[in-house]
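# Working through the structure, step by step
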Amino acid sequence: MKKLNLAGEWRLRAEFLDVGPERVAEVAAKPDGPFTVYHGKSPNAFPAKTGFMRAQVPCDVITPLVENGVIEEPLIKTNTKNCLWIRDLSWWFFKEFEVTEEMLQEDVIRLNIEMLDFKADIILNYRPMARHTNAFCPFCEDVKRFLKPGTNTLVIRLTSGIEDQYPKDAISFYCASDNAICDQRVYLRKPQFTYGWDWCQPVPTCGIGRAIYLEAFSGAKIISSRMDTCFLQDGNAEVEFFFELDKTNMTASAEAVLEYELLFDGKPVYQGRQELLLVGGLNYAQEKVELQQAKLWWPNGYGEQNLYELHARCTCMGNTVEDRVKKVGVRTVEIDHSKLSDGTRNFFFRVNGVRVFCKGGNWVPTDSVYLRTPDSTYRTLVEEGKAAGFTMFRMWGGGTYEPDCFYEYCSECGILLMHDFMYACGFYPDTLNSFLFEAQREADYQTKRLAHYPCMAVWTGNNEISESITDWFPEPIAPDRFYGEKIFNYIQPSAVHQNSPRIPYMPSSPYFGGKANQVDDGDVHAWTYLGRDPKTKFKFSYELEAFDRMPARFSSEYGFFGAQMESTVQRYHDGEEVVRGGEIWKHHGEFDRKRNGIDGAINRHLTDFSKLDMQGYLLYSGIMQGCLYSEMSEAMRQKPYGAGDLIWMYNDCWPETGWTVIDYYLTRKVSFYFLKRAFDTRKLIVRSREGGAVVTVINETPETVSAEIRYGYMKFTGEKACTGSKTLQVPAHSWQQFDFDGEGDLREGFFFASALESGFETADSLRAYYRDVAFPKAQVKVDSVEKDGNDLMVTVSADAYVPVAYLKTSDDRVHYSDNYFKLYPGEKKTVRVLNCTEEPVVYTAEMEPGERSAADEFQEASF
Ligand code: BMA
């Protein structure tokens, strides 16, 4: 097989939209001057343009426009407004390449392009030869008949797709977010967030993404392969290998040999060989094998992420073609829906037979200009998820299917995926056969592509579309039928069953119960319960006990808003003065309904919001977000039926004040550390009860520990009462509760439990109503600073309880093993400060006691 990589330097120019592919010769003949664009007076006026620019393919069109100085980086200042004109042009990519006589002797020469966004005309040697309109499955065609020996020219003409007029019909009537620029996005199979969402500005673009190459071959090759884990028994595993092979020459059969090996730590543990008689086109092979003493793959914290390597090759007509080496895992995954004693049902994931609590967040695209994300960003984001104790990302349906490296990192880091198909908040036109055709091949392609990754835990049909039909529309405006059902309820389950049969499928997220977002059944988006539902009428972020009462088993979405670090705010202001509430500030995230939630909560729980300056706002909104996330996560983890807590949202596609815990520039927000603690694998959670407290003891690690848990009542000033201790056997992967009796004034202290030597941090019963109590003035100090390689080990302590103490250096991007933590009187806390030489200073965030008003308690939900 001969491969010709077409990535690299291409030439790019723009034309008006009505210059179609048939005018390619005319466009190619235009003078090669520098690319220029004129907008007249307004940046969004209809543009005139001339010339060519260089583009490093793969790329979208914004990247070369920025690199060539035509536009400024769109994600800073208010620049997103200045690039809407990109949708008004067609974009022409040109590439010349050499084809040898030898290549032309092969049976087929396929042009493979992994991602084309969006409407693509593919023109080879000035002959328009194909059209592609789905960014979610690749272009792959035999183009041999269009090629010649010597120099060939490939032209790809792209438009963003937004330019077209689609029917204004029942289907498109509710798919716009506040700041979306097209309410007909549902007609286009491309990342839906690029039209704008309630957390990002629209950034229309188009481009060629990921791999692009020609591949010439004769004979057969493996086009998909995977290893499924059928069952585990007594340390052994039954696994099954699947191969899909494609043979050239449709009218003849041929002998072939398929060989494959499974390696662990570089050593073969199984070798397979099959002699096959292949027909033209598709052929299939499989084999079931027992692996002795299989090394299992576990989610983060639950055990090792053991990975095997699957090597495979096919020899046919004298040619041997190697398959891409795949890292695969031995693990089973299922959703347990068993009945509980009260007649309701469980909803939890079981991996290798072990119940797993899914801790994590929703993953959205990494960049509004999503084709430019380097692998290193995926790695950092996944590793940061791991560092925060995540066991799951939910791949939100308004984004994209990510590149392979992302799934590799999730598999390496033990982060399970609840994976939406890319449909969100809209009705999709399943009345059009052409649309169903695209839905079908996308489902087929993506389920096959991702089937071998051990991180894949469930496929979900879409984001919130099932919920929308039952919950979002009052009778008179509800659509006449459930648009999209042919996709979510028929095409997708069949593709999953066919290509990834050991992975569960759910038609939507949320789902299960008499209606899709029933709070006590299945997977829930807890927004409704937290105040979005007009019927609820008050904000639960003001009444933290409501988190405990919420009967959800698994919340795969809920969110609280929080500011970013100051360096990020400075960075997107790009030298402009930072004005809180100014135009740039507002543009980056403070869309109406998001804002008031956090301001009110700061007022209610932490301090007088009106007295905060900009730095104060950044700090306290971060702390508030962190408190709410940890309150909710701990509430979910201490319920016997609690099984999942995924925040909306983990990451971001641009720098904005929003729901995330890590920002677009990959800087950890204040809330990151609250979530990290809430997600500890060894964890105590204390809740006060009448005459004492209940302690939840969670050990997700694979080791059984014996823990001496000390408990009692402690005053903020450190005096203890009613103390006791209990030595508990805490089995691997376990959850248990015990309670103890005690008395104490809960306005002056709290119940606590602690087993530091066994890896359980001290926990207390104090909820984040910090304005209700008067903390004594505490002296906080740095006890010692020691160097450990490139890191500093900083030990701090306080003489009285501190609800939030934090370390700070001149760089707010520095990583700490923990930060924004509680300090208990007499307990020393040692923090690792990574890659840092500057000694941090320790501060406390003062909580100003205040009167809470009745209005605070039952404030009308504004959304
Ligand atoms: C949801 C999501 C998104 C949305 C978010 C915040 O329900 O699925 O569509 O952006 O809430 O409003």
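Presented here is an overview of the structure given in this document. Each residue is numbered by its place in its chain's sequence as written, counting from 1. Totals for whole chains, interfaces and linings use all residues, but because this is a predicted model, local features are given only for residues with pLDDT of at least 70 and pairs of side-chain atoms are given and counted only at 80 or more. Excluding hydrogens and water, the side-chain values take into account all heavy atoms of the structure.

What follows concerns the packing of aromatic side chains. Between 30 and 60 degrees the pair is tilted, below 30 it is stacked and above 60 it is edge-to-face, where a pair is any two Phe, Tyr or Trp rings, Trp via its six-membered ring, whose centres lie within 6.5 Å. Summed over all chains, the structure comprises 66 aromatic pairs. Relative to Phe 751, the ring of Tyr 713 lies with its centre 5.9 Å away and its plane at 70 degrees, an arrangement referred to as edge-to-face. With a gap of 38 residues between them, Tyr 713 in strand β35 (residues 705-715) and Phe 751 in strand β38 (residues 749-755) connect regions that are remote in the sequence. Take Tyr 713 and Phe 751: they sit in the same class, and that class is buried. Helix and strand definitions follow DSSP, with helices as H or I runs of at least four residues and strands as E runs of at least two, each counted in order from the N terminus. Remark: exposure states derive from per-residue accessible area (1.4 Å probe, protein chains only) relative to the maximum for the residue type, with buried under 20%, exposed over 50%, and partly exposed in between.

We now examine the site of the ligand. Nearness is defined per residue: one heavy atom within 4 Å of the molecule or strand is enough. As a structural note, the neighbourhood of the ligand is formed by 13 residues, with Asp 198, Trp 199, Asn 463, Glu 464 and Glu 557 the closest of them. In the environment of the ligand, an oxygen atom lies 2.9 Å from a nitrogen or oxygen atom belonging to the side chain of Trp 197. Contact between the ligand and Glu 464: an oxygen atom at 2.3 Å from a side-chain N or O atom of the residue. Per-residue and other accessible areas follow the Shrake-Rupley method at a 1.4 Å probe size, with only the shown protein chains counted as cover for residues. With the chains in place, 97% of the 300 Å² that the ligand exposes on its own is no longer accessible. The residue classification treats Ala, Val, Leu, Ile, Met, Phe, Trp, Tyr, Cys and Pro as nonpolar and Asp, Glu, Lys and Arg as charged. All others, Gly included, are polar. The residue makeup of the shell around the ligand, split by class, is seven nonpolar, one polar and five charged. What qualifies as a polar contact is a pair of N or O atoms within 3.5 Å, subject to a donor-acceptor requirement within protein and to the restriction that residues adjacent in sequence count only when both atoms come from side chains.

Here the focus is the nonpolar core. Side-chain atoms within 4.5 Å are what join buried Ala, Val, Leu, Ile, Met, Phe, Trp, Tyr and Cys residues into a set we call a nonpolar core. Of all hydrophobic cores here, the largest spans 253 residues; its most connected members are Trp 91, Phe 93, Ile 156, Trp 199 and Phe 393. Looking at this core element by element, the count peaks at 13 residues for helix α14 (residues 614-637). With residues up to four places along the chain from it excluded, the contact list for Phe 93 reads Trp 10, Arg 11, Leu 12, Ala 55, Val 57, Cys 59, Val 61, Leu 154, Val 155, Ile 156, Leu 158 and Ile 208. Counting residues in each nonpolar core, the second largest holds 19 residues, with Val 705, Tyr 713, Leu 728 and Ala 753 among its members. By the convention used here, residues are in contact when the closest approach between their heavy atoms is within 4.5 Å.

To count as a disulfide, a pair of cysteine sulfur atoms needs to be within 2.5 Å. For the structure on display, the rule yields zero disulfides. No disulfide involves Cys 140; its nearest neighbouring cysteine sulfur is the one of Cys 137, lying 11 Å away. Take Cys 140: its relative accessible area is 39%, and that puts it in the partly exposed class. Note on Cys 200: no disulfide assigned, nearest cysteine sulfur contributed by Cys 653 at a separation of 4.1 Å.

This brings us to the pairing of strand β34 (residues 692-699). For a regular strand, side chains alternate in direction, first toward one face of the sheet and then toward the other. The element β34 is extensively covered by neighbouring structure, given that seven of its eight residues are classed as buried. For two strands to pair, DSSP has to find at least two bridges joining them. As defined by bridge partners, strand β33 (residues 682-689) adjoins β34 across eight bridges and the pair is classed as antiparallel. Paired with Leu 684 across the strands is Val 697, a residue of β34. Taking the residues between adjacent antiparallel strands as the criterion, β33 and β34 are bridged by two residues, where Gly 691 takes a positive phi near 75 degrees. The sheet contact formed by β34 and strand β37 (residues 734-741) spans eight bridges and is antiparallel. The partner of Val 694 across the bridge, within β37, is Asp 739.

Our next topic: the sheet that holds strand β2 (residues 8-16). Read from one edge to the other, the open sheet built from six strands follows the order β5-β2-β7-β12-β9-β10, with strand pairing classed as antiparallel. Bordering the open sheet on either side are β5 (53-57) and β10 (127-132), each of which pairs with just one other strand. Across the sheet, the mean angle separating the axes of adjacent strands is 30 degrees when strand polarity is ignored. Judged from the six bridges that link them, strand β9 (residues 119-124) and strand β12 (residues 150-159) form a sheet pairing that is antiparallel. Residue Ile 122 lies in a different strand from β12, and its bridge partner there is Ile 156. The axes are straight lines fitted to the C-alpha atoms, using for helices just the contacting stretch, and the angles between their N-to-C directions are given from 0 to 180°.

Our next topic: the sheet that holds strand β14 (residues 220-233). Strand order across the open sheet formed by three strands is β14-β15-β18, with antiparallel pairing between neighbours. The two strands at the open ends of the sheet, each matched to only one other strand, are β14 and β18 (281-291). Strand after strand, the sheet turns through a mean of 15 degrees between neighbouring axes, direction not considered. Bridge count for β14 against strand β15 (residues 236-247) is 12 bridges, and the pairing is antiparallel. Each bridged residue has a counterpart across the sheet, and for Ser 225 the counterpart in β15 is Phe 243.

Across its 18 residues, helix α6 (residues 433-450) extends 26 Å between first and last C-alpha, which sits within 8% of the 26 Å expected from 1.5 Å per residue. When α6 is considered as a whole, its buried residues turn out to be Phe 435, Leu 436, Glu 438, Ala 439, Glu 442, Ala 443, Gln 446, Thr 447, Arg 449 and Leu 450. For α6, the elements touching its buried residues are β13 (207-217), α5 (404-413), β27 (416-420), β28 (456-460) and α8 (485-499). Expected span, for any helix, means 1.5 Å times one less than how many residues it has.

What follows deals with the packing of α6 against α8. Working note: a packed helix pair is described by the angle between its axes plus the distance between those axes. With their axes 9 Å apart at the nearest point, α6 and α8 run at an angle of 30 degrees to one another. Comparing their axes, α8 and α6 come out roughly parallel. Crossing geometry of α6 relative to α8 is assigned as right-handed. For the pair formed by α6 and α8, the contact residues are Phe 435, Leu 436, Ala 439, Gln 440, Ala 443, Asp 444, Thr 447 and Lys 448 on the first element and Lys 486, Ile 487, Ile 491, Gln 492, Ala 495, Val 496 and Asn 499 on the second. Here the angle decides the label: under 35 degrees means roughly parallel, over 145 means roughly antiparallel, 65 to 115 means roughly perpendicular, and every other value means oblique. In a left-handed crossing the near helix is turned counterclockwise from the far helix by less than a right angle, and in a right-handed crossing that turn is clockwise.

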